[in-house]
Amino acid sequence: MSKDPDCIFCKIIAGDIPCFRIYEDEDTLAFMDINPANEGHCLVITKEHAANLYKVSDAAISAAARSAKKVAAVVNAVVGPDGINLVQANGEGAEQSVFHFHLHVMPRRIGDELKMNWGHHPGDMERIKALGEEIAAAIGD
Ligand code: 5GP
Ligand code: ZN
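Residues numbered from 1 in each chain as written. Chains lettered and ligands numbered in written order. Predicted model: local features only at pLDDT ≥ 70, side-chain atom pairs only at ≥ 80, totals over all residues. Heavy atoms only, no water.

Draft legend 1. Representation of the site of ligand 1. In the region of ligand 1, 17 residues are neighbours, and Met32, Asp33, Asn35, Ser97 and His104 sit closest. In the model, an oxygen atom of ligand 1 is placed 2.5 Å from a nitrogen or oxygen of the Asp33 side chain. Here an oxygen atom of ligand 1 sits 2.6 Å away from a polar atom, N or O, in the side chain of Ser97. If ligand 1 stood free it would expose 520 Å²; the protein chains cover 92% of that surface. (Near = heavy atom within 4 Å. Polar contact = N/O pair within 3.5 Å; in protein donor to acceptor, adjacent residues only side chain to side chain. Areas by Shrake-Rupley, 256 points an atom, 1.4 Å probe, with all protein chains shown as cover.)

Draft legend 2. The arrangement of the pairing of strand E2 (residues 28–32) in detail. Burial analysis of E2 places five of its five residues in the buried class, which makes it a mostly covered element. Burial of the side chains of E2 extends over both faces: Thr28, Ala30 and Met32 are buried on one face and Leu29 and Phe31 on the other. Pairing analysis gives three bridges linking strand E1 (residues 21–24) to E2, with the strands arranged antiparallel. Bridging from a neighbouring strand, Arg21 pairs with Phe31 of E2. Counted between consecutive antiparallel strands, the loop separating E1 from E2 contains three residues. Across five bridges, the pairing between E2 and strand E3 (residues 42–46) is antiparallel. Residue Met32 lies in a different strand from E3, and its bridge partner there is Cys42. (Buried < 20%, exposed > 50% of the residue type's maximum accessible area, 1.4 Å probe, protein only. Helix = DSSP H or I, 4+ residues; strand = E, 2+ residues; numbered from the N terminus. Pairing = 2+ DSSP bridges.)

Draft legend 3. Representation of unusual backbone geometry within the structure. The backbone phi angle of Glu95 is positive, close to 65 degrees, even though this residue is not glycine. Within the secondary structure layout, Glu95 lies in the loop between strand E4 (83–87) and strand E5 (102–108). The exposed category is assigned to Glu95, whose relative accessible area is 52%. Positive phi values are uncommon outside glycine, yet Glu113 reaches one of about 55 degrees. In this fold, Glu113 is placed in the loop between E5 and helix H3 (125–139). On the basis of relative accessible area, Glu113 is assigned to the exposed category, the value being 61%.

Draft legend 4. Layout of the layout of surface pockets. Estimated volume of the largest pocket: approximately 520 Å³. Along its surface, the largest pocket is lined by 29 residues, and Asp33, Leu43, Ser97, Val98 and His120 are the ones closest to its centre. Elements supplying a minimum of two residues to the lining of the largest pocket: helix H1 (8–14), E2 and E5. The greatest single-element share of the lining of the largest pocket, amounting to three residues, is contributed by H1. Across the lining of the largest pocket, the residue classes tally to 17 nonpolar, ten polar and two charged. (1 Å grid on protein atoms, 1.4 Å probe; cavity = no way out; pocket = protein on both sides within 12 Å on 5 of 7 lines; lining within 4 Å. Points joined across faces, edges and corners; volume = space filled by probe spheres on them. Nonpolar A, V, L, I, M, F, W, Y, C, P; charged D, E, K, R; others polar.)

Rendered as structure tokens:
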């Protein structure tokens, strides 16, 4: 499986950078976003390093879709948002900032007026950690 030693998400997969892990299987990893757009915002990444949608293998994107379905259902149950968006960026013009394929699982609230480019503002790490533990326990894998 391809890796990039300079990629922050490859380092998270390798355990060289910590994360609030919520789910993992052979092909994907899910963890809390440390700059959450809303409470419960998390990421599903492929273990394969691929910069974007054009580079990711069919097998890896299929695995990411399956994991996102599972994670979103649990985030929905635990966080209780009014809705969830799956968001995926390709290229700087789309405000992609980490060039390793990932899906954002983004809880939404009615009236939150979240914009497509929501900006990166560090969240409350204790709150993110606690929510991550709750979601991970609810997934149970
Ligand atoms: P993009 O901008 O590429 O669509 O999304 C990248 C996401 O990765 C951003 O939401 C950003 O907050 C998140 N991110 C960047 N670095 C880290 C990190 O070290 N840990 C975690 N948990 N999330 C990160
Ligand atoms: Zn990578």
